[in-house]
Amino acid sequence: MELQERGAIVTGAGTGVGRATALRLAERGCHVAVNYSRSQQEAEQVAAEARQHGVRAMALRADVSQDADCRALVQAALAEFGRLDVLVNNAGTTDFIPHANLEDVKDEHWERILGTNLKGPFQCARAARDALQAHGGGQVVNVSSVAGVYGIGSSIPYCCSKAALNTLTVTLARVLGPAVQVNAVAPGFIDGSWLRGGLGPAFDAVKSAMQDRSLLGKVCTPEDVRDAIFGFLEGSALVTGQVLVVDGGAGISS
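What comes next concerns the included structure. No experiment lies behind these values; they were computed from the predicted model shown.

Check the secondary structure of the protein and you find nine helices and seven strands. Relative to the globule expectation of 18 Å for 254 residues, the C-alpha radius of gyration of the protein, 17 Å, shows essentially globular dimensions. A principal-axis box enclosing the C-alpha atoms of the protein has dimensions of 50 × 40 × 35 Å. Within the protein, the fraction of its 254 residues that count as buried is 48%. Averaging the coordinates of the 22 positive side-chain charges in the protein and doing the same for the 26 negative ones gives two points 4 Å apart.

Counting residues in hydrophobic clusters, the biggest one holds 32 residues, and the most contacted among them are Leu 25, Val 32, Val 34, Val 185 and Ile 229. Breaking this core down by element, the ones donating at least two residues are strand E1 (7-10), helix H1 (16-27), strand E2 (31-36), helix H2 (40-51), strand E4 (86-89), strand E5 (138-143) and helix H9 (222-233). A per-element tally of this core places H9 first, with six residues. Beyond its immediate stretch of four places on either side in the chain, Val 185 contacts Asn 142, Val 143, Ser 144, Ser 145, Val 225, Ala 228, Ile 229, Phe 232, Leu 244 and Val 246. Formed by 28 residues, the second largest nonpolar core is a distinct cluster that contains Leu 60, Ala 127, Leu 176 and Val 182.

Its 15 residues place the ends of helix H3 (residues 67-81) 21 Å apart at the C-alpha level, agreeing with the 21 Å of an ideal helix rising 1.5 Å per residue. Listed as buried for H3 are Cys 70, Leu 73, Val 74, Ala 77 and Phe 81. Across the axial projection of H3, the buried residues extend over an arc of 90°, all falling on one side. Away from its buried face, by an angle of more than 90 degrees, H3 presents the exposed residues Ala 68 and Ala 79. Elements in contact with the buried residues of H3: E1, E2, strand E3 (57-61) and helix H4 (107-134). Trailing H3 by a residue or two, Gly 82 shows a phi angle of about 80°, which is positive.

So, about the sheet that holds E4. What the seven strands build is an open sheet, ordered E3-E2-E1-E4-E5-E6-E7; its pairing is parallel. On the outer flanks of this sheet lie E3 and strand E7 (243-246), each paired with one strand and no other. Direction aside, neighbouring strands of the sheet carry axes that sit 15° apart on average. Both E4 and E5 contribute to a ladder of four bridges, which runs parallel. When the bridges of E5 are listed, Val 88 appears paired with Val 141. Contacts from H3 reach E1, E2 and E3, with the element oriented near 165° to E3. The strands that H9 touches are E4, E5, strand E6 (180-187) and E7; relative to E6, the one it contacts most, it runs at about 160°.

With 28 residues, H4 should cover 40 Å at 1.5 Å per step; its first-to-last C-alpha distance of 39 Å lies within 8% of that length. Along H4, the sharpest change in direction is near 55° and occurs at Ala 128. Trailing H4 by a residue or two, Gly 136 shows a phi angle of about 75°, which is positive.

Quick look at the pattern of salt bridges now. Within the structure shown, the criterion is met by eleven salt bridges. Between Arg 19 and Glu 49 there is a salt bridge; the shortest N-O distance is 2.9 Å. Residue Arg 19 is found in helix H1, and its partner Glu 49 is found in helix H2; the two are separated by 30 residues along the sequence. Between Arg 24 and Glu 27 there is a salt bridge, with its nearest N and O atoms 3.1 Å apart.

Time to look at the environment of Leu 172. Relative to the helices and strands, Leu 172 is located in helix H6 (residues 156-176). A relative accessible area of 9% means that Leu 172 is categorised as buried. It is 6.6 Å that separates the C-alpha atoms of Leu 172 and Val 182, two residues lying ten residues apart in sequence. Leave out the neighbours within four places in its chain, and Leu 172 touches Ala 125, Gly 177 and Val 182.

Conventions we followed
- Residues numbered from 1 in each chain as written.
- Predicted model: local features only at pLDDT ≥ 70, side-chain atom pairs only at ≥ 80, totals over all residues.
- Heavy atoms only, no water.
- Helix = DSSP H or I, 4+ residues; strand = E, 2+ residues; numbered from the N terminus.
- Rg over C-alpha atoms; globule rule 2.2 N^0.38 Å.
- Buried < 20%, exposed > 50% of the residue type's maximum accessible area, 1.4 Å probe, protein only.
- Lys, Arg positive; Asp, Glu negative; His and termini not counted.
- Charge placed at Lys NZ, Arg CZ, Asp CG, Glu CD.
- Core = buried A, V, L, I, M, F, W, Y, C linked by side-chain atoms within 4.5 Å.
- Contact = heavy atoms within 4.5 Å.
- Expected span 1.5 Å × (residues − 1).
- Arc of directions from axis to C-beta.
- Pairing = 2+ DSSP bridges.
- Axes fitted to C-alpha atoms, helices over the stretch in contact; angles between N-to-C directions.
- Bend = angle between axes of the 7 residues up to and from the residue.
- Salt bridge = Lys/Arg side-chain N within 4 Å of Asp/Glu carboxyl O.

The quantities given are spatial measurements derived from coordinates; they are silent on function.
Here is the structure:
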């Protein structure tokens, strides 16, 4: 896809993968809506940095688990850019609950995690459907996780949410084609503030263990995941309904 003068929404774009993706879009000349739920200051900083590349960019608050917020987000981006060509569903959440602790998993964990990680991408894609199809060549990239491929990760609800997101990617590819490609990236361990906060004192030990498992000897950075996203955005026009694992080969190591 040629990104110059196109319009994009990146959800959860105040930090991490979302931030890196929004700024790369701006570097490519794409106008970008920087969505956030809680990280307003960070999102506004990302939008300000994006505007330094000569594009239009704005920070827009929306809780993607709420359909009305998703529709308002899309309408605000369309009002500013006049078109929408790219949707990166990056917003995500989890709770860190050992898988064996089944009794610790409550209804509120399922509702919050599925609301953001699964309903959110569906609702954003639904809200953006007409705009993405209007000019042809639209792209949706969902940020999934190896948790949805291998059943590992922060909690069982999180694993299930990402597995369902992988299936949603395939079904949306069928529904939105041929005008829109829909793909997903599934990162492994990401060296960033999200996991550092969630794992706390265990972060360094877990990171070291994942590096040892990786066939390439390293874990992901937000920039690695961003580059995988752009492999879809700027790559073949004949790739859709695919889930790309980005984990240095850790998931297939013996």
